[in-house]
Amino acid sequence: MSYGQRTGPRLDATFAALADPTRRAILARLASGQASVTELAEPFAMTQPAISKHLKVLERAGLISRGRDAQRRPRRLEAAPLAEANKWLEAYRRFWEESYERLDALLDELKAEEKRRPPKKRGDRR
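Residues numbered from 1 in each chain as written. Predicted model: local features only at pLDDT ≥ 70, side-chain atom pairs only at ≥ 80, totals over all residues. Heavy atoms only, no water.

A.B. asks: Would you explain the overall build of the protein chain in this entry?
C.D. replies: The number of helices and strands found in the protein chain is five helices and two strands. Element order for the protein chain, N to C, with α for helix and β for strand: α-α-α-α-β-β-α. The principal-axis extent of the C-alpha atoms belonging to the protein chain is close to 85 × 35 × 20 Å. For the protein chain, long-range pairs separated by at least 24 residues make up 52% of all intrachain contacts whose partners lie at least 6 apart in sequence. (Helix = DSSP H or I, 4+ residues; strand = E, 2+ residues; numbered from the N terminus. Contact = heavy atoms within 4.5 Å.)

Right, dumping it as structure tokens:
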């Protein structure tokens, strides 16, 4: 991964959509199955138009889609954008994991070196 690597508009939209706690809660609800706007609005102290705005952001990011079930238009979770975000984050997880492994190796080396040193004599400033 290089500094020059850019994220695509879809990944940017995914992270922008995920930045809001209401939208994350909506996605969590949809992870258990599709739901109507009314059902999604239920746990929130906000109007249905406000929930609809959140749903539009999630739809534009590709995180949810709208179905058709008679008169209902249930929303459902779309996993592909989340998988793309996870793939992007995974590179950073590997970076930190490797960094911690190098730090652990250095600490082990320092501990081993400390054990090999002769014990300090009283009054010795080493």
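From this point, things continue past the structure.
A.B. asks: Honestly, helix α1 (residues 9-18) in this entry has me stumped. Any pointers?
C.D. replies: What sets the pattern is the α-helix's 3.6 residues per turn: residues three or four places apart point alike. Residues of α1 that are buried include every one of Leu 11, Thr 14, Ala 17 and Leu 18, and no others. Down the axis of α1, the sector holding all buried residues measures 125°, keeping them to one side. In this fold, the buried residues of α1 make contact with α2 (21-30), α4 (48-60) and α5 (80-116). (Buried < 20%, exposed > 50% of the residue type's maximum accessible area, 1.4 Å probe, protein only. Arc of directions from axis to C-beta.)

A.B. asks: What should I look at first to understand α5 in this one?
C.D. replies: Given a rise of 1.5 Å per residue, 37 residues ought to cover 54 Å, and the 54 Å separating the end C-alpha atoms of α5 matches this to within 8%. Within α5, burial applies to Pro 81, Ala 85, Ala 91 and Ser 99. Looking at the packing, one finds that the buried side of α5 touches α1. (Expected span 1.5 Å × (residues − 1).)

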